[in-house]
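Next come the chains, spelled out residue by residue.
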Amino acid sequence: MNRLPDDPMILASSINMMLRDGEYEDLDDICSAFDRDRSEIDSKLASAGMSYDPSLNKVR
């Protein structure tokens, strides 16, 4: 994957896949790797009623 998806549902799925597969340590690591602002990602996820849960290390 060379960029993060714009659609919030696909974005959440992609983030969870990358975290589950161990490609990245956490959401901050993903944001850094894809040169994206964390607040932009959080806002996009929130628009679909989701958020990153650091204790579970996944989007819910």
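Residues numbered from 1 in each chain as written. Predicted model: local features only at pLDDT ≥ 70, side-chain atom pairs only at ≥ 80, totals over all residues. Heavy atoms only, no water.

A. Seen up close, the packing of helix α1 (residues 8-20) against helix α3 (residues 38-46). α3 packs onto α1 with a crossing angle of 120 degrees between their chain directions and a minimal axis gap of 8 Å. The angle between α1 and α3 falls in the class oblique. Seen from above, α1 lies across α3 with left-handed handedness. Taking contact as the criterion, the partners of Pro8, Leu11, Ala12 and Ile15 in α1 are, on α3, Ile41, Lys44 and Leu45. Residues that form the contact of α1 with α3 fall into these classes: six nonpolar, no polar and one charged. (Axes fitted to C-alpha atoms, helices over the stretch in contact; angles between N-to-C directions. Helix = DSSP H or I, 4+ residues; strand = E, 2+ residues; numbered from the N terminus. Parallel < 35°, antiparallel > 145°, perpendicular 65-115°, else oblique. Left-handed = near helix turned anticlockwise from the far one by under 90°. Contact = heavy atoms within 4.5 Å. Nonpolar A, V, L, I, M, F, W, Y, C, P; charged D, E, K, R; others polar.)

B. How the structure looks around the environment of Tyr52. Within the secondary structure, Tyr52 sits in strand β1 (residues 52-53). Through-space distance from the C-alpha of Tyr52 to that of Leu27 is 7.5 Å; in sequence the pair is 25 residues apart. Discounting residues that sit within four places of it in the chain, Tyr52 has contacts with Leu19, Asp26, Leu27, Arg38, Asn57, Lys58 and Val59. Polar contacts involving the side chain of Tyr52 include one to the side chain of Asn57, which spans 2.4 Å. (Polar contact = N/O pair within 3.5 Å; in protein donor to acceptor, adjacent residues only side chain to side chain.)

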